Amino acid sequence: MSVALSVSTNQSSTTVGKRVAKYLKGLVNHKGWLAIVLVLIFWQTISLLLGGHGLVPSPIRTAAVMWDVLVSGEFFVQLGDSMARLLIGFTLAMTMGLIVGVMSGSRWFWNEFFKDVIVLGLSLPGLVYALLSVVIFGTNLMAPVMAILFASYPFIAVNIREGVKAMDKDILDMTQAYKVGKWKVIKNVIMPSLLPHFLAAIRTGFTIAWKVSVLTEVFGATSGIGYMIRFNFQMFAVRGILAWSLLFGFVMLVIEYGILVPAERRFARWRPNISEVVK
Amino acid sequence: MTATTINSSQIPSSTRGRKLVLFLKQFFLSPRWLFLIVVLTLWNSYAIFRQSRLMPTPLKVGMSMWKILESGVFFEQLAASMVRILIGFSLAMLIGTIIGILMGSRKTWDQFFSAIVILCLALPGLIYALVCVMFFGISILAPVTAIIAGSFPFVVVNVREGVKALDKDLIDMSNSYKIGRGKVVRQVILPSLLPFVLAAVRNSFAIAWKICTLVEVFGAVRGVGYMIKNSFDQYAVHGIIAWALLFGGVMLIIEYGFLVPAERHLARWRPQVKQVI
């Protein structure tokens, strides 16, 4: 038994090495690079044809602006401002979305009560929230926080509602019949079954939140990524817009695909049907 | 046999009437009206308390909605926006469907486009709007290009899943029975792809009209987005809310009145697809 075990662990260490090698090889051979290179060549050609300055900056110039912004540390200053607003607004949205979602998932009355406002909230563009909160609250912190709250809580509420609805009633009934403590039920039954939906809620809500946050900063803020994009727009500096938005988009992609998606996969592992829905 | 004739002739008509009564009862006694009343009351009392131009009463918003509708301004601007949305959306559907089919059927193309599709999914509509306004000014190319860039990835994702979900056994069988290509496309591939295409239409349409509004905010002289921007510049909160609610209402009607029922209808025969949608 022990021999077999050691052999299998030994094998697994070599397969890990092989897997890493295979993964790296797959990454290098991935055809996605070809597409990126083609797009860059196309972009460079167009910018050369149009004179190489002004409206269509070459990718090299854009990359130079990105480098400047990164090295001077300005990016991190503005990112910090944006992230602070984003996190405050998103925390509030999570709280509100959780309350509304749990209420409408567990009781018919509350489901009907909140149904319309959730549908309306899902469909109104973030622009409306951004403009309204800038007009009403001005350029202070309240504007982005309120815009994020109202734009992203419906997405959180919908996910939580579906999670509550999808809970296994039989198991809950069984825990009651066996008189399992309330705390234990929450910890061992409700939380594990809600967690994948909760993580999906975080991911979709966060995506909406940062987009609305940038939009609010475009219309009314004196710092932050959105403000810098607005500033470059007014200067007619396409390279600035592209540099700031690509950098910020990259940070958000890293947060989404580096942290949120793997977390979802991990917690949805035990439920194949959900992991397929989440993807 | 007689039992079935009685069943089909008498009971359904009475249950249909009962169903209608039940539906009406459910509709009018639904707590959704309570929500509306609570929100309007709170809003109204707060607006009266604040007495500020920045906090219009619901009545004022309703009045300006009525004024916009009655004077016909709304329909003029809606038409201007709809033309842009439809042109951009059709092109996005076309491009997205082609790329989606390529990605769903060949691994090389799947890898080739994956990075670009993920990047385009992730970038906010704002970027497309700003860059297109700077490139193309107030010409129609600005909203059309922005809509294409913003909404084609959603089409690609849905169509790719549809192509991947095609039943290979059925296609193999039609091959071995030497069924004509046109017939296979018409009777096997299209019906199985249709629900996914409709999901693509719904998703990307929702993105398309939002991006169109954004483009109109930054660079346009007509359209609903321009009117919203106009109200914003005048600090007219009631104008912003009125235009947004009217436009959102029209889009909700298009989505839940046409697109969702069409999807349900065409996905009827596939319970597992219906659930995903």
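Given the structure is predicted, the values throughout are model-derived calculations rather than measurements. Throughout this document, residue positions are counted from 1 along each chain, in the order its sequence is written. Just so you know, chain letters begin at A and ligand numbers begin at 1, following the order they were written in. Residue-level local features of this predicted model are given only where pLDDT is at least 70; pairs of side-chain atoms are given and counted only at 80 or more, and the full residue set underlies all totals for whole chains, interfaces and linings. Based on all heavy atoms of the structure, the side-chain values leave hydrogens and waters out of the count.

Enquirer: Just checking my understanding: could you explain the interface of chain B and chain A for this structure?
Expert: Note on interface size: it is often stated as the accessible area lost on association of the parts. Across the boundary between the two partners, chain B contributes 44 residues, which contact 52 residues of chain A. Surface buried jointly by chain B and chain A totals about 4400 Å² across both partners, of which 83% is contributed by carbon and sulfur atoms. For salt bridges, the criterion is a side-chain nitrogen of Lys or Arg within 4 Å of an Asp or Glu carboxyl oxygen. Linking chain B to chain A there are one salt bridge. Two residues, A:Asp116 and B:Arg32, come together in a salt bridge whose shortest N-O distance is 2.9 Å. Think of a polar contact as two N or O atoms within 3.5 Å of one another; within protein, one of them needs to be a possible hydrogen donor and the other a possible acceptor, and neighboring residues in sequence only count if both atoms come from side chains. Applying the counting criterion to the chain B and chain A interface returns three residue pairs in polar contact (both at pLDDT 80 or more). Element by element, the count of residues in the side of chain B that touches chain A is highest for helix α6 (residues 107–122) of chain B, at ten residues. Amino acid classes used here: Ala, Val, Leu, Ile, Met, Phe, Trp, Tyr, Cys and Pro are nonpolar; Asp, Glu, Lys and Arg are charged; the rest, including Gly, are polar. Counted by class, the side of chain B that touches chain A contains 35 nonpolar, six polar and three charged residues. A contact between two residues is defined here by any heavy atoms of the two lying within 4.5 Å. Here the buried area means the combined drop in accessible surface, using a 1.4 Å probe, for two parts upon being joined, counting both sides. Per the convention used, a helix needs a DSSP run of H or I reaching at least four residues, while a strand needs a run of E reaching at least two, with both numbered from the N terminus.

Enquirer: Would you mind going over the nonpolar core with me for this structure?
Expert: As a rule of thumb, nonpolar side chains are buried together in soluble globular proteins. Membership of the largest hydrophobic core comes to 117 residues, with the highest contact counts inside it found for A:Phe219, B:Ile85, B:Phe205 and B:Phe218. In this view, A:Phe219 contacts A:Leu127, A:Leu131, A:Val134, B:Val217, B:Phe218 and B:Phe232; residues no more than four positions away in its chain are not counted. Within the second largest apolar cluster, five residues are counted, among which are A:Leu124, A:Ala147, A:Ala151 and A:Val212. The set of buried Ala, Val, Leu, Ile, Met, Phe, Trp, Tyr and Cys residues whose side-chain atoms join them within 4.5 Å is what this entry labels a nonpolar core. Only protein chains enter the accessibility calculation, which uses a 1.4 Å probe; a residue is then buried when its area is under 20% of its type maximum, exposed when over 50%, and partly exposed in between.

Enquirer: Whenever I open this one, the side chain of A:Ser213 confuses me. Can you help?
Expert: With respect to the helices and strands, the residue A:Ser213 is situated in helix α9 (residues 182–219). Residues in contact with A:Ser213, not counting those within four places in the same chain, are A:Ser82, A:Leu86 and A:Ile148.

Enquirer: I keep staring at a nonpolar patch on the surface and nothing clicks. Help me out?
Expert: Residues and elements named next belong to chain B. Two distance rules govern patches: like charges are joined within 9 Å, and nonpolar side chains (Val, Leu, Ile, Met, Phe, Trp, Tyr) within 5 Å, applied only to residues with over 30% relative accessible area and no salt bridge. Each accessible area value is a Shrake-Rupley result obtained with a 1.4 Å probe; residue values ignore everything except the protein chains displayed when judging cover. On the surface, Leu20, Phe23, Leu24, Phe27, Phe28, Trp33, Leu36, Ile37 and Leu40 cluster together into a nonpolar patch covering about 880 Å² of accessible area. Elements with a contribution of two residues or more to the nonpolar patch: α2 (11–28) and α3 (31–50). Of the residues forming the nonpolar patch, the biggest block, five residues, is contributed by α2. Topologically, leucine 24 is positioned in helix α2. Judged by its relative accessible area of 41%, leucine 24 is partly exposed.

Enquirer: I keep staring at the confidence of the model for chain B and nothing clicks. Help me out?
Expert: Regions with low pLDDT should not have their predicted coordinates read in detail. All names here are of chain B. Looking at chain B as a whole, its pLDDT mean stands at 85, while 92% of the residues score no less than 70. Summarising per-element confidence for chain B, the mean pLDDT is lowest in helix α1 (residues 2–9) (44) and highest in helix α5 (residues 73–105) (93). Complex prediction metrics read pTM 0.82 and ipTM 0.80. Confidence scores labelled pLDDT are given residue by residue by the predictor and lie between 0 and 100.

Enquirer: I tried to follow the pattern of salt bridges on my own but got confused; where do I start?
Expert: Between side chains of opposite charge, a pair can form when the charged atoms approach closely. Under the defined criterion, the tally for this structure stands at twelve salt bridges over all chains. The network of salt bridges with shared partners includes B:Asp110, B:Arg160, B:Glu161 and B:Lys164.

Enquirer: So what exactly am I meant to see when it comes to α9(A) here?
Expert: Every α-helix carries 3.6 residues per turn, so stepping three or four residues along brings you back to the same face. Its 38 residues place the ends of α9(A) only 48 Å apart at the C-alpha level, less than the 56 Å of an ideal helix rising 1.5 Å per residue. Largest kink in α9(A): about 45°, centred on A:Met191, with the proline A:Pro192 one to four residues after it. A helix is expected to span 1.5 Å multiplied by its residue count minus one. The seven residues ending at a residue and the seven starting there each receive a fitted axis; the angle between those axes is the bend at that residue.

Enquirer: Sorry, what's going on with the state of the cysteines here?
Expert: Here is the idea: a disulfide is a covalent bond, and it sits between the sulfur atoms of two cysteines. Residue and element names in this part refer to chain B. By convention in this document, the label disulfide applies to cysteine sulfur atom pairs within 2.5 Å. Under the counting rule described, the total for this entry stands at zero disulfides over all chains. In this model cysteine 120 remains outside any disulfide bridge; the closest cysteine sulfur is found in cysteine 132, 11 Å from its own. A residue is classified by how much of its surface remains accessible, and cysteine 120, at 15% relative accessible area, is buried.

Enquirer: Which parts of the structure should I look at to understand the packing of aromatic side chains?
Expert: Note on aromatic pairs: each is described by the distance of the centres and the angle between the planes. Pairing of aromatic rings covers Phe, Tyr and Trp, the last through its six-membered ring, and needs centres within 6.5 Å; plane angles under 30 degrees mean stacked, over 60 mean edge-to-face, and all others mean tilted. This model, assessed by the stated rule, comprises 24 aromatic pairs over all chains. Aromatic pair A:Phe233 and B:Phe218: ring centres 5.6 Å apart, planes at 70°, arrangement edge-to-face. Taken as a pair, A:Phe233 in helix α10 (residues 225–234) and B:Phe218 in helix α10 (residues 181–218) lie in two separate chains rather than in one. You'll find A:Phe233 and B:Phe218 in the same group, each marked buried.

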